[in-house]
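# Fold and geometry: a report
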Amino acid sequence: DLVEIPIIQRDYAQGRITKEVTRIRNRFLASLYDALTENIPIKLDFVYGDIKELKLIPLDGQQRLTTLFLLHWYIARHEGIEEKEFSFLKAFSYSTRYSAREFCQSLIDYAPDFSNENITEDIEDQCWMPLDWKNDPTIASMLTMLNAIHSKFKKTSGLWERLMNGCISFYFLSIEDM
């Protein structure tokens, strides 16, 4: 794995369904949307963590990294990008719970039907998604975020190349260097 959310991290929260989190999610997605659709690069502040054995272990930035993982997956699948082009997403992993880790791995291999308004209904229907995973707060938040991404990005095209050219990036600061 190249990015591993460590066991000490809290659940993914950007998909929680509260007024404040919904506001934050919508603002963040609007910033990402504007950057990609207008091709104006954006820096997402600092991600703090360690790099051990070529693996980034974030201590701060987990929320942004998870959203970027979901956005990369969505755009790759939405634009019909060949799997070998986005296979690097398999290097993203969660150590918080096996269900979150397995969900991320299964999601990468899944190609959704983008004509549905609610993209997560199809995901929840897959044989690889046990019903109890919906009770995992990280997975529930990821599903909410995927619906928000789908709502915002479903009419876009040509964004994969911009993602790969670094239109969205962040600063990294090693805890050791601090």
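None of these values were measured; they are calculated from a predicted model.

A separate point is helix α2 (residues 62-78). Taking 1.5 Å as the rise per residue, α2 with 17 residues should run 24 Å; its terminal C-alpha atoms sit 24 Å apart, in good agreement. Most of α2 is tucked away, with 16 of its 17 residues classed as buried. One or two positions beyond α2, positive phi appears at Gly80, with a value near 65 degrees.

Turning our attention to the packing of aromatic side chains. All chains considered together, the criterion is met by nine aromatic pairs. Ring plane angle 35 degrees and centroid distance 5.2 Å describe the contact between Phe46 and Tyr171, whose orientation is recorded as tilted. Linking Phe46 in strand β2 (residues 42-52) with Tyr171 in strand β5 (residues 168-174), this pair joins segments that are 125 residues apart in sequence. Judged by its relative accessible area of 31%, Phe46 falls in the partly exposed class. Exposure remark for Tyr171: the relative accessible area of 38% places this residue in the partly exposed category. Site record: aromatic cluster; members linked through ring pairs are Phe46, Tyr48 and Tyr171. One Lys or Arg, Lys152, reaches over the ring of Tyr33 and ends 5.0 Å from the middle of that ring.

Considering every residue of the protein, the mean pLDDT works out to 89; 94% of them sit at 70 or more. The least confident element of the protein, judged by mean pLDDT, is strand β1 (residues 3-5) at 74; the most confident is helix α7 (residues 160-164) at 97.

Turning to the nonpolar core, a few remarks are in order. Leu32, Leu36, Leu70, Ile75, Phe103, Ile123 and Phe153 are the most contacted members of the largest nonpolar core, which totals 48 residues. Among the secondary structure elements, those contributing two or more residues to this core are α1 (19-37), β2, α2, β4 (92-94), α4 (98-109), α5 (119-124), α6 (137-153) and α7. Those residues in contact with Ile75 that lie beyond four places of it in its chain are Leu36, Ile81, Phe153, Leu159, Trp160 and Leu163.

In this model, α1 (19 residues) spans 26 Å end to end at C-alpha, consistent with the 27 Å of a helix rising 1.5 Å per residue. For α1, the complete set of buried residues consists of Val21, Arg25, Phe28, Leu29, Leu32, Ala35 and Leu36. Each buried residue of α1 sits inside an arc of 120 degrees when the element is viewed along its axis, so together they form one side. More than 90 degrees from the buried face of α1, the exposed residues found are Lys19 and Arg27. Of the surrounding secondary structure, the elements contacted by the buried residues of α1 are β2, α2, α6, α7 and β5. Just beyond α1, the residue with positive phi is Asn39, at close to 55 degrees.

Take the packing of α4 against α6 next. Two elements in contact, α4 and α6, have axes whose closest approach is 9 Å; the angle formed by their N-to-C orientations is 35 degrees. The residues of α6 that touch α4, namely those facing Ser99, Ala100, Phe103, Cys104 and Leu107, are Thr138, Ile139, Met142, Leu143 and Leu146. In terms of residue class, the contact of α4 with α6 is built from eight nonpolar, two polar and no charged.

Here we come to the pairing of β2. Strand direction decides the pairing type here: β2 and β5, joined by six bridges, are parallel. Counterpart to Val47 in the pairing with β5 is Phe172. One ladder, built from five bridges, connects β2 with strand β3 (residues 55-60); its direction is antiparallel. Within the sheet, the bridge partner assigned to Gly49 lies in β3 and is Pro58. In this structure, the hairpin formed by β2 and β3 is closed by a connection of two residues, where Glu53 is found at a positive phi of approximately 50 degrees.

Moving on, we get to unusual backbone geometry. A positive phi angle, near 50 degrees, is found at Glu53, a position not held by glycine. Summarising the element assignment, Glu53 is placed in the loop between β2 and β3.

Definitions and cut-offs
- Residues numbered from 1 in each chain as written.
- Predicted model: local features only at pLDDT ≥ 70, side-chain atom pairs only at ≥ 80, totals over all residues.
- Heavy atoms only, no water.
- Helix = DSSP H or I, 4+ residues; strand = E, 2+ residues; numbered from the N terminus.
- Expected span 1.5 Å × (residues − 1).
- Buried < 20%, exposed > 50% of the residue type's maximum accessible area, 1.4 Å probe, protein only.
- Phe/Tyr/Trp six-rings, centres within 6.5 Å; stacked < 30°, edge-to-face > 60°.
- Lys NZ or Arg CZ within 6 Å of the ring centre and 35° of its normal.
- pLDDT = per-residue confidence, 0-100.
- Core = buried A, V, L, I, M, F, W, Y, C linked by side-chain atoms within 4.5 Å.
- Contact = heavy atoms within 4.5 Å.
- Arc of directions from axis to C-beta.
- Axes fitted to C-alpha atoms, helices over the stretch in contact; angles between N-to-C directions.
- Nonpolar A, V, L, I, M, F, W, Y, C, P; charged D, E, K, R; others polar.
- Pairing = 2+ DSSP bridges.

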